[in-house]
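Examining the three-dimensional arrangement
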Amino acid sequence: MYFVQRFLDKTTMYRLMVWFLVVLLGWAVAASAVGLLPYRWWEVLLQTLLLVAACRLVSEIISRIVGATQNIESAIISGLILSAIIGPVSLAADWHWLLLAAAFAMASKYVFAMRKSHIFNPAAFGAFAAGLLGYSASWWIGSVVTLPLVLLGGLLIVCKIRRMHLVAGFLAAYLALLFVDVFLVRGGTVADIPTLLYTIFISSPILFFSFVMLVEPLTSPHTKRWRIWFGTVIAAVMFVPQWVGMSAVPLELALLVGNIFARIVSPDFRQSFVLRKKKQLSADIWGFWFEPMKPFSFFPGQFLEYTLAHPKADARGVRRYFTIASAPEEKQILLATRFAASKGSTWKKRLGEMREGDDIVAGKVAGEFILPSDPKRKIVWIAGGIGVTPFRSMAKYLLAKNERRDIVLLYAARTEQDLVFRDIFEEAAKVGLRNVYVLSEADKIPSGWTGRTGRLDADMIKAEVPDASERIFYISGPEPMVEGISKTLLDMGIPDRHIRRDYFPGYA
Ligand SMILES: Cc1cc2nc3c(=O)[nH]c(=O)nc-3n(C[C@H](O)[C@H](O)[C@H](O)COP(=O)(O)OP(=O)(O)OC[C@H]3O[C@@H](n4cnc5c(N)ncnc54)[C@H](O)[C@@H]3O)c2cc1C
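As a starting point, this report considers the structure included with it.

A tally of regular secondary structure across the protein chain gives 17 helices and 14 strands. Projected onto its principal axes, the C-alpha coordinates of the protein chain cover approximately 80 × 55 × 40 Å. Each of the 508 residues in the protein chain was classed as buried or not, and the buried ones make up 53%. Expressed as a percentage of contacts within the protein chain between residues at least 6 apart in sequence, the contacts between residues at least 24 apart total 75%. When the accessible surface of the protein chain is split by element, carbon and sulfur atoms take 62% of a total near 22600 Å².

Here is the structure:
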């Protein structure tokens, strides 16, 4: 598991998806060549190449015309997904359908967009548009031959982006409605169940759909609760129309309806932020203050997705998530981050090079790592290093609102210099914050240090938080630290529902 986690940390969701689809389609080409799949291998190969090239080209042209930042990997992913769900076509006769699907998929990102954020899953839109014009998606990728790879790659993707609840919610709703359909609507019997399950989960595209298309973050809701509803709505759209005498709704159309639902319950935006100030906060931590072009609302503790296009991007790509370290009451958006001593990513290099006046694209404000609505709930904030950013936002918010809360902050860092934002936490003592600082590097403890030293372990937590069982714990920091402290808390008898986690992958 450790190696899988390391691997997932080292790549971005987009890069992982590209590789997964390339391997899956490569396997489909090979399986077709040896007769395991009933297609001509060169047709699968050629349509994949054509679709990827067409999506890239159309995306390039449109983004130049409208002056938008494009994510090259997104266009490649759309081309690869389209290749898995339409055809395989004979290029000589049907090449124009591929071009149409690719053009509609890419154009949909710009035509059907609100606040610079597209509404529809592009591949689903391309397949739907081609279907409307006369060439329906075959969803040929659903097959027992491709199933092991779909499962393996799909599980890696949902682990990476933490969307297991969405896939599980959708599949549970789908299965429940399928049983209603078979037993109550069509009068099936128990003897039909094995064939039904085989058809649905082994030889149909439903798992590919769930693991690859359903989970696309930009077109699904931003909270867990709404994501589960999103999966349920899509499953319902697949069945209910048939029960009222309408024709069956294809998968791609059901997803598009779900995308509209997602946009209604989770409005989104993408906009440019202009860099107004950058400041070194410690030896390797910098703060970047951006001014949004239009005001937007968020809760303290939420995060944004930033896109910073740059040439020769490394394997981690051009997008990153960062907590909004400022409070909603501050005019500017603060991004605070640590720069690696060596071998940092090209993304961070580009960020570090930004000058005042430069802009960055940000959007998709999301996150459930927010203060409990009941101000009387007693809280513990546990921060590891740069994981302190959501707590800075919350502390600033409490100060701005003059809202008192009973909070213990356990803030662990390597050296005293790494304890950034201490002035804000000290000031927040007047609204109920009790600060406990922990330094881990034994040989760098300054003389006269009155805080804690060593590892933040169960004994330290028990000593500093004697009423731990009455509190909600918020843990934020690098993934191994969050996992480690969560385990410590669970071992101490703190129920899982009292532990909230914010992971900072990439620092493992
Ligand atoms: C919801 C959320 C909120 C977040 N909030 C914050 C925040 O407020 N502040 C913050 O700093 N981070 C935050 N993160 C993490 C952030 O998104 C980055 O993952 C993190 O900053 C690492 O950045 P980086 O990948 O550019 O790597 P770097 O910071 O440049 O490097 C980090 C480590 O990765 C290694 N590394 C770098 N590039 C590669 C590569 N191509 N292949 C292999 N290893 C490489 C480096 O050697 C180094 O050890 C958040 C993440 C999430 C999901």
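Attention now moves to the environment of Ala 123. Within the element layout of this structure, Ala 123 appears in helix α6 (residues 122-133). Along the primary structure Ala 123 and Gly 454 are separated by 331 residues, whereas in three dimensions their C-alpha atoms are 51 Å apart. Excluding its chain neighbours within four sequence positions, the residues that come into contact with Ala 123 are Ser 78, Ile 81, Leu 82, Ile 85, Ala 105 and Met 213.

Time to look at the packing of helix α2 (residues 13-33) against helix α7 (residues 147-161). Their axes nearest at 10 Å, the elements α2 and α7 cross at an angle of 175°. By the angle between their axes, α2 is roughly antiparallel relative to α7. Contacts between α2 and α7 involve Met 13, Leu 16, Met 17, Phe 20, Val 23, Leu 24 and Trp 27 from the first element and Leu 149, Val 150, Gly 153, Gly 154, Leu 156, Ile 157, Lys 160 and Ile 161 from the second. Of the residues that constitute the contact of α2 with α7, the class distribution is 12 nonpolar, 2 polar and 1 charged.

The next subject is the packing of aromatic side chains. Overall, the coordinates contain 28 aromatic pairs when judged by the stated rule. When the ring of Tyr 306 is compared with that of Phe 322, the centres are 6.0 Å apart and the planes differ by 65°; the resulting orientation is edge-to-face. Here Phe 322 lies in strand β6 (residues 319-323) and Tyr 306 lies in strand β5 (residues 303-307), a separation of 16 residues in the sequence. Using a relative accessible area of 0% as the deciding quantity, one classes Tyr 306 as buried. Relative to Phe 391, the ring of Phe 369 lies with its centre 5.8 Å away and its plane at 45°, an arrangement referred to as tilted. Of this pair, Phe 369 sits in the loop between β8 (359-366) and β9 (378-384) while Phe 391 sits in helix α14 (residues 389-401), and the two are 22 residues apart along the sequence. Of the two residues, Phe 369 and Phe 391, neither departs from the other in class, the shared state being buried. An aromatic cluster is defined as three or more aromatic residues linked by ring pairs; in this entry it consists of Phe 273, Phe 290, Phe 296, Phe 298, Tyr 306, Phe 322 and Trp 347. The cationic tip of Arg 225 hangs over the ring face of Trp 226; the distance from NZ or CZ to the ring centre is 4.9 Å. The ring of Tyr 437 has Arg 422 lying over it, and the distance from NZ or CZ to the ring centre is 4.5 Å.

Moving on, we get to the sheet that holds β5. Pairing within the open sheet is antiparallel, and its 6 strands lie in the order β6-β5-β8-β3-β4-β7. If you trace the sheet from one side to the other, it starts and ends with β6 and β7 (333-338), each paired once. With direction set aside, neighbouring strand axes in the sheet form an average angle of 40°. As defined by bridge partners, strand β3 (residues 270-280) adjoins β8 across 5 bridges and the pair is classed as antiparallel. Bridge pairing links Ser 272 to Val 361 in β8.

This part is about the environment of Gly 154. By the element assignment, Gly 154 lies in helix α7. With a relative accessible area of 0%, Gly 154 lands in the buried category. In contact with Gly 154, not counting residues within four places along its chain, are Phe 20, Leu 149 and Phe 211.

What follows deals with empty space enclosed by the protein. Applying the stated criterion across every chain yields a total of 3 cavities of 30 Å³ or more. A volume near 230 Å³ is recorded for the largest cavity. Looking at the largest cavity, it is lined by 20 residues, and the ones nearest its centre are Tyr 14, Ser 74, Ile 77, Ile 81 and Glu 216. Elements that contribute at least two residues to the lining of the largest cavity include exactly α2, α4 (72-85), α6 and α10 (206-214). Among the elements that take part in the lining of the largest cavity, α4 stands out by supplying 4 residues, more than any other. In terms of residue class, the lining of the largest cavity is made up of 13 nonpolar, 4 polar and 3 charged.

The next subject is a nonpolar patch on the surface. Residues Trp 41, Trp 42, Leu 45, Leu 46 and Leu 49 make up a contiguous nonpolar surface patch of about 480 Å² in total accessible area. Its location among the elements puts Leu 49 in helix α3 (residues 41-66). The exposed category is assigned to Leu 49, whose relative accessible area is 52%.

Locating Thr 48 in the fold gives a position in helix α3. A residue is classified by how much of its surface remains accessible, and Thr 48, at 9% relative accessible area, is buried. Here Val 44 takes part through its backbone oxygen, which lies 2.7 Å from a polar atom of the side chain of Thr 48. Among residues more than four places away in sequence, those in contact with Thr 48 are Leu 25, Leu 80 and Ser 83.

Take the packing of α6 against helix α12 (residues 251-265) next. Interaxial distance between α6 and α12 falls to 9 Å at its minimum, and their mutual angle equals 130°. Of the possible angle classes, the one that applies to α6 and α12 is oblique. Between α6 and α12 lies a crossing of left-handed hand. Judged by residue contacts, Ala 124, Phe 125, Ala 127 and Phe 128 of α6 engage Glu 252, Leu 253, Leu 255 and Leu 256 from α12.

Taking strand neighbours across the sheet as the criterion, the 6 strands line up as β12-β11-β10-β9-β13-β14 in an open arrangement whose pairing is parallel. Strands at the two margins of the open sheet, each flanked by one partner only, are β12 (452-453) and β14 (499-504). Pairing analysis gives 6 bridges linking β9 to strand β13 (residues 471-478), with the strands arranged parallel. Looking at the pairing, Ile 382 lines up with Ile 475 of β13.

What counts and how
- Residues numbered from 1 in each chain as written.
- Predicted model: local features only at pLDDT ≥ 70, side-chain atom pairs only at ≥ 80, totals over all residues.
- Heavy atoms only, no water.
- Helix = DSSP H or I, 4+ residues; strand = E, 2+ residues; numbered from the N terminus.
- Buried < 20%, exposed > 50% of the residue type's maximum accessible area, 1.4 Å probe, protein only.
- Contact = heavy atoms within 4.5 Å.
- Areas by Shrake-Rupley, 256 points an atom, 1.4 Å probe, with all protein chains shown as cover.
- Axes fitted to C-alpha atoms, helices over the stretch in contact; angles between N-to-C directions.
- Parallel < 35°, antiparallel > 145°, perpendicular 65-115°, else oblique.
- Nonpolar A, V, L, I, M, F, W, Y, C, P; charged D, E, K, R; others polar.
- Phe/Tyr/Trp six-rings, centres within 6.5 Å; stacked < 30°, edge-to-face > 60°.
- Lys NZ or Arg CZ within 6 Å of the ring centre and 35° of its normal.
- Pairing = 2+ DSSP bridges.
- 1 Å grid on protein atoms, 1.4 Å probe; cavity = no way out; pocket = protein on both sides within 12 Å on 5 of 7 lines; lining within 4 Å.
- Points joined across faces, edges and corners; volume = space filled by probe spheres on them.
- Patch = residues over 30% accessible without salt bridge, like charges linked within 9 Å, V, L, I, M, F, W, Y side chains within 5 Å.
- Salt bridge = Lys/Arg side-chain N within 4 Å of Asp/Glu carboxyl O.
- Polar contact = N/O pair within 3.5 Å; in protein donor to acceptor, adjacent residues only side chain to side chain.
- Left-handed = near helix turned anticlockwise from the far one by under 90°.

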